[in-house]
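Per-entry structural report
Given next are the chains, with one letter for each unit.
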Amino acid sequence: MKAIINRLANSGISSETPINLEKHIRLCNRSAMMVSLCLVPLIFKFGYEEAYFVCFTTLFIVLWEFVTLYLNHLKRYDLARVSFLVFNSIVAFTNSTILGQDAYIFLYYLSSLSASFAFFQTHEQWQRVVTAGLAALAIILDLIVGWRPFPIHELPSNVLYEISLIEIAGAVGCLLYFMMFFLQEYEAANVKLQRNAHQLRLSERKFKNIANNSPGVVFEWYMMKDRSKWGFNYLSPRINDLLNLDYQKAIKDPNYLSSHIYSEDAGDFFAFIKDVIYKQQENQYQYRFVDANGEVRWASLAATPIHGDDDKVIYNGIVSDITSLKKTEQVLMAAKEKAEEATAAKANFLATMSHEIRTPMNAVIGIAHLLQDDNPKPEQVESINILKFAAENLLSLINDILDFSKIEAGKITLEEVTFCMPDLLKGIEKTTQYHAIEKGIVLEVFIDERLPECYEGDPTRLSQILINLLSNAVKFTEQGRVKLAVKLVGIRNQVANIEFSVTDTGIGISEGNLGNIFEHFSQADSATTRTYGGSGLGLAITKGLLDAHDSQVRVKSEVGVGTTFSFSLNMKIREPDPLALTVPGCLEQDPSQRYSTSQQGDFSCYSILLVEDNPVNVMVAEKILKKWGAALDIVNNGEQAVNQVMSKDYDLVLMDIQMPIMDGYQATKAIRGLEEGRFSALPIIALTATATEDTKEAVFAAGMNDYLSKPFNPKQLKESIQRLTLIAAE
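These notes cover the structure that comes with them. (Residues numbered from 1 in each chain as written. Predicted model: local features only at pLDDT ≥ 70, side-chain atom pairs only at ≥ 80, totals over all residues. Heavy atoms only, no water.)

**So, the state of the cysteines**
Using the following cut-off: Throughout, disulfides are identified as pairs of cysteine sulfur atoms within 2.5 Å of each other. Each residue's exposure class comes from its accessible area (1.4 Å probe, protein chains only) as a fraction of the maximum for that residue type: buried when under 20%, exposed when over 50%, partly exposed otherwise.
Under the defined criterion, the tally for this structure stands at zero disulfides. C454 carries a free sulfur, and the closest cysteine sulfur to it, the one in C420, is 4.6 Å from it. Looking at C454, the relative accessible area reads 1%, which means it is buried.

So, in structure tokens, the structure goes:
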């Protein structure tokens, strides 16, 4: 029963109900139950005495008390309380008038008058005025009627006396209940107040502990928006220890702290404060200040708005000393700059060494292939092949070092061109097949039949990854087979997920060495390097290229059984476009013909200007071009090249980059700047020993049409000449 009463008393009260409103709702609910309980005897008494109208009005009030509980349950708090008092006052006055009772009934109205104040909060003025005014009016009218009664129901005096006793008992019961309720609420409020005071003291103590042990100076700061007044509501005394500034002066003088802002930062600091005031949002700022000893230090200010009105802004925040952090940052920045300088120096060194090595390498490889194409004597063939093999291996090592340098510097950029996957894989197979046949092992290529034909991506880098893995597999396999498998995993939104794997039956890698093979200049062990050779850069470059593709290389291996390297790529599917299809130029049908200078086609109709300052490179290029039948003029620097193209019409210019007097960039820009229209369309191909991405970009930015690095591929040179002269002719 007690649980039911408590549940009814708390009807409409939830976690969302304002705390200040709870006791008023509870009083209303309890009053409704108390009044209905007091009126039940009157219902039976009026019915027994056949005063049916009064009986029904009283019954109406009892039922309305339950409506009051329901209205509170629906959270219609105002309607519930006002209607409760209004209906009770009206029905009580009506019944007393009908019965012609004396003024004992006014006790009910005294209850209503007190309830009109107890039911509502201080700010609920109109509710108080309506209910209190109605109760006061009923009291006055009841006094008048009690003095000059005009009863409608004539009841015996003893019955009226009994009814009066019941009414007086109910009214006194209500008053006593109100008093008891207020005493309980007061006691509960007092306990709550004491608990809140205790919690407040604990919170204050905790706040002080936090503020006094915080690594920064905690504050609450206010400022009038018209800047007429500002200062601290609270400032941690730790400002003395942490910032070496005077706490007392900071509290008393609102300009004390701003006067310690470092002069060079003052303008930005006050602009930040202005921004804080008007935007009223969380802000952070770093600035310099001068402490009490005159030392310049760094501070970090973080401020968050907690309240703002039309006139004032209030912020909570913390100021931290970040001087040591700034010093560390400066040391790190200096170290970073030195590291960048060292990286740039290394890159410049590699570029310079590459250029210096590639220049003679161009001559060595070019002469070797010229000798190979000049029908050498049988006893000379082996020597020429050894010379060619050694030169190509040295060139491969140079390319690996440059690629690794680019990967290490984060300068690898991936192209987005359309290419045909079957053609690319066929070229890779042809390239690797040559070395596999030399070792007597079988090379297999499996291509998933479901694989789409064309994709958008970087075919050159993909072929480099696969050739690196296949070359390693062939190198470390003495017998058996090497297999390249390309499988379609799935397609989603026109993007194919493709798995590439290279499996061999070679020497394998021990589990302890699997973590080392992707390190630069590293192989499984030193014996491997002595037996099989190599720089140890191939897998490091492969890993770097796959990182650029957002992929990872996976490896499974067993010593004496073989190794499998695999990786997956997400590639955009494209429709075949014969004009856009691209396959890396290094993938020839026969690797033995890669640098063939044999004549294919007639170049006798071409007039070519060669701009080159190195005599050996001039000799190699001259022999190759004249063998193709081209008419050739030679100049030694860019200035001579500009004068030569002005004096004679050429079909094409082969331009070296690094030359005395005027380099290739300057010469190209000068030629493009000549007034006659033919100079803007004149094909210019860069032939340079500097094989870097920056050089390639600079070549095209200067206005050249193509780029070939030395040692150049004669077949690529021929294709470039034919393509550019055909475009120029159109």
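Resuming the write-up.
**Here's the deal with the packing of helix 13 (residues 421–439) against helix 14 (residues 459–475)**
To keep things clear, this is the line we draw: Only C-alpha atoms enter the line fits that serve as axes; for helices the fit covers just the stretch in contact. Angles between N-to-C directions range over 0 to 180 degrees. Think of it this way: any DSSP run of H or I at least four residues long counts as a helix, any run of E at least two long counts as a strand, and we number them from the N terminus. For this classification, under 35 degrees means roughly parallel, over 145 means roughly antiparallel, 65 to 115 means roughly perpendicular, and everything else is oblique. Crossing handedness: left-handed means the near helix sits turned counterclockwise from the far one by under a right angle, and right-handed means the same turn made clockwise. Whether two residues are in contact is decided by their heavy atoms: any pair within 4.5 Å suffices. Residues are grouped as follows: Ala, Val, Leu, Ile, Met, Phe, Trp, Tyr, Cys and Pro are nonpolar; Asp, Glu, Lys and Arg are charged; every other residue, Gly included, is polar.
Where helix 13 meets helix 14, the closest approach of the two axes is 10 Å, and the angle between their N-to-C directions is 25°. Classified by the interaxial angle, the pair formed by helix 13 and helix 14 is roughly parallel. Along this stretch, helix 13 crosses helix 14, giving a crossing that reads as right-handed. Taken together, the residues of helix 14 that come into contact with helix 13 (itself represented by M421, L424, L425, I428, T431, T432, H435, A436 and K439) are P459, L462, S463, L466, I467, L470, V474 and K475. A class-by-class count of the residues in the contact of helix 13 with helix 14 yields 11 nonpolar, four polar and two charged.

**Topic: the pairing of strand 2 (residues 230–235)**
This is how it is decided: Any two strands with at least two DSSP bridges between them are considered paired.
One ladder, built from five bridges, connects strand 1 (residues 216–224) with strand 2; its direction is antiparallel. Its bridge partner being in strand 2, M223 is matched across the sheet by W230. Between strand 1 and strand 2, which pair antiparallel one after the other, the connecting turn spans five residues, and R227 there sits at a positive phi close to 60°.

**Observations concerning helix 14**
Side chains of residues three or four places apart in an α-helix project in the same direction, reflecting 3.6 residues per turn. Note the cut-off: Multiplying one less than the number of residues by 1.5 Å gives the expected span of a helix.
The terminal C-alpha atoms of helix 14, which comprises 17 residues, lie 23 Å apart, in line with the 24 Å expected from a rise of 1.5 Å per residue. Taken across its 17 residues, helix 14 has 14 buried, putting it largely inside the fold.

**Focus on a nonpolar patch on the surface**
The test is simple: Patches here: salt-bridge-free residues with over 30% relative accessible area, like charges joined within 9 Å, nonpolar side chains (Val, Leu, Ile, Met, Phe, Trp, Tyr) joined within 5 Å. Each accessible area is a Shrake-Rupley estimate made with a 1.4 Å probe; only the visible protein chains count as cover when residues are assessed. Definition used for salt bridges: Asp or Glu carboxyl oxygen within 4 Å of a side-chain nitrogen of Lys or Arg.
On the surface, a cluster of nonpolar side chains totalling about 420 Å² of accessible area is made up of Y52, F56, L59 and L63. The residue L59 is located in helix 3 (residues 52–73) in this model. In this structure L59 comes out as partly exposed when scored by relative accessible area, which is 32%.

**Points about helix 18 (residues 638–647)**
So the rule is basically this: What the arc describes is the spread of directions from the helix axis to the C-beta atoms.
Taken as a whole, helix 18 has its buried residues at G638, A641, V642 and V645. Projection of helix 18 onto a plane perpendicular to its axis shows the buried side chains occupying an angular sector of 100°, all on one side.

**Quick notes on the packing of aromatic side chains**
This is how it is decided: Ring pairs shown here join Phe, Tyr and Trp side chains whose ring centres sit within 6.5 Å, with only the six-membered ring taken for Trp; geometry is labelled stacked below 30 degrees between planes, edge-to-face above 60, and tilted in between.
Following the criterion strictly, the structure yields 11 aromatic pairs and no others. Taking the centre distance of 5.6 Å and the plane angle of 80° together, the rings of F269 and F270 count as edge-to-face. Relative to W628, the ring of F603 has its centre 5.3 Å away and its plane inclined at 65°; by these criteria the two rings are edge-to-face. Taken as a pair, F603 in the loop between strand 12 (562–574) and strand 13 (607–611) and W628 in the loop between helix 17 (615–627) and strand 14 (631–635) lie far apart in primary sequence, 25 residues in all. Across this residue pair, the class does not change: F603 and W628 are buried. Through a chain of ring-to-ring contacts, the aromatic side chains of F269, F270, Y285, Y287 and F289 assemble into a single cluster.

**A few points about the packing of helix 19 (residues 664–672) against helix 21 (residues 693–702)**
With their axes 9 Å apart at the nearest point, helix 19 and helix 21 run at an angle of 20° to one another. In terms of their interaxial angle, helix 19 and helix 21 are classed as roughly parallel. Between helix 19 and helix 21 lies a crossing whose hand is right-handed. Of the residues in helix 21, those in contact with Y665, T668, K669 and R672 of helix 19 are T695, A698, V699 and A702. Tallied by class, residues from the contact of helix 19 with helix 21 come to four nonpolar, two polar and two charged.

**Let's talk about the sheet that holds strand 13**
In space, the five strands of this open sheet follow the order 14-13-15-16-17, with parallel pairing throughout. Unpaired on one side and paired on the other, strand 14 and strand 17 (706–709) mark the two borders of the sheet. Averaged over all pairs of adjacent strands, the angle between their axes in this sheet comes to 20°, without regard to strand direction. Here strand 16 (residues 684–688) pairs with strand 17 via four bridges, running parallel. Directly across from T688, in strand 17, lies its bridge partner S709. Sheet strands in contact with helix 18 are strand 13, strand 14 and strand 15 (652–655), and its direction is about 160° off that of strand 13.

**Notes on the pattern of salt bridges**
Under the definition given, this model contains 22 salt bridges. Where R288 meets E264, a salt bridge forms, and the shortest distance between an N and an O atom there is 3.5 Å. Here E264 lies in helix 10 (residues 263–279) and R288 lies in strand 3 (residues 283–290), a separation of 24 residues in the sequence. For R297, the salt bridge is made with D321, and the minimal N-O distance between the two is 2.3 Å. Linking R297 in strand 4 (residues 296–308) with D321 in strand 5 (residues 312–321), this pair joins segments that are 24 residues apart in sequence. Through salt bridges with shared partners, one network takes in D78, R81 and E124.

Without other data, these values stay purely geometric and don't point to any function.
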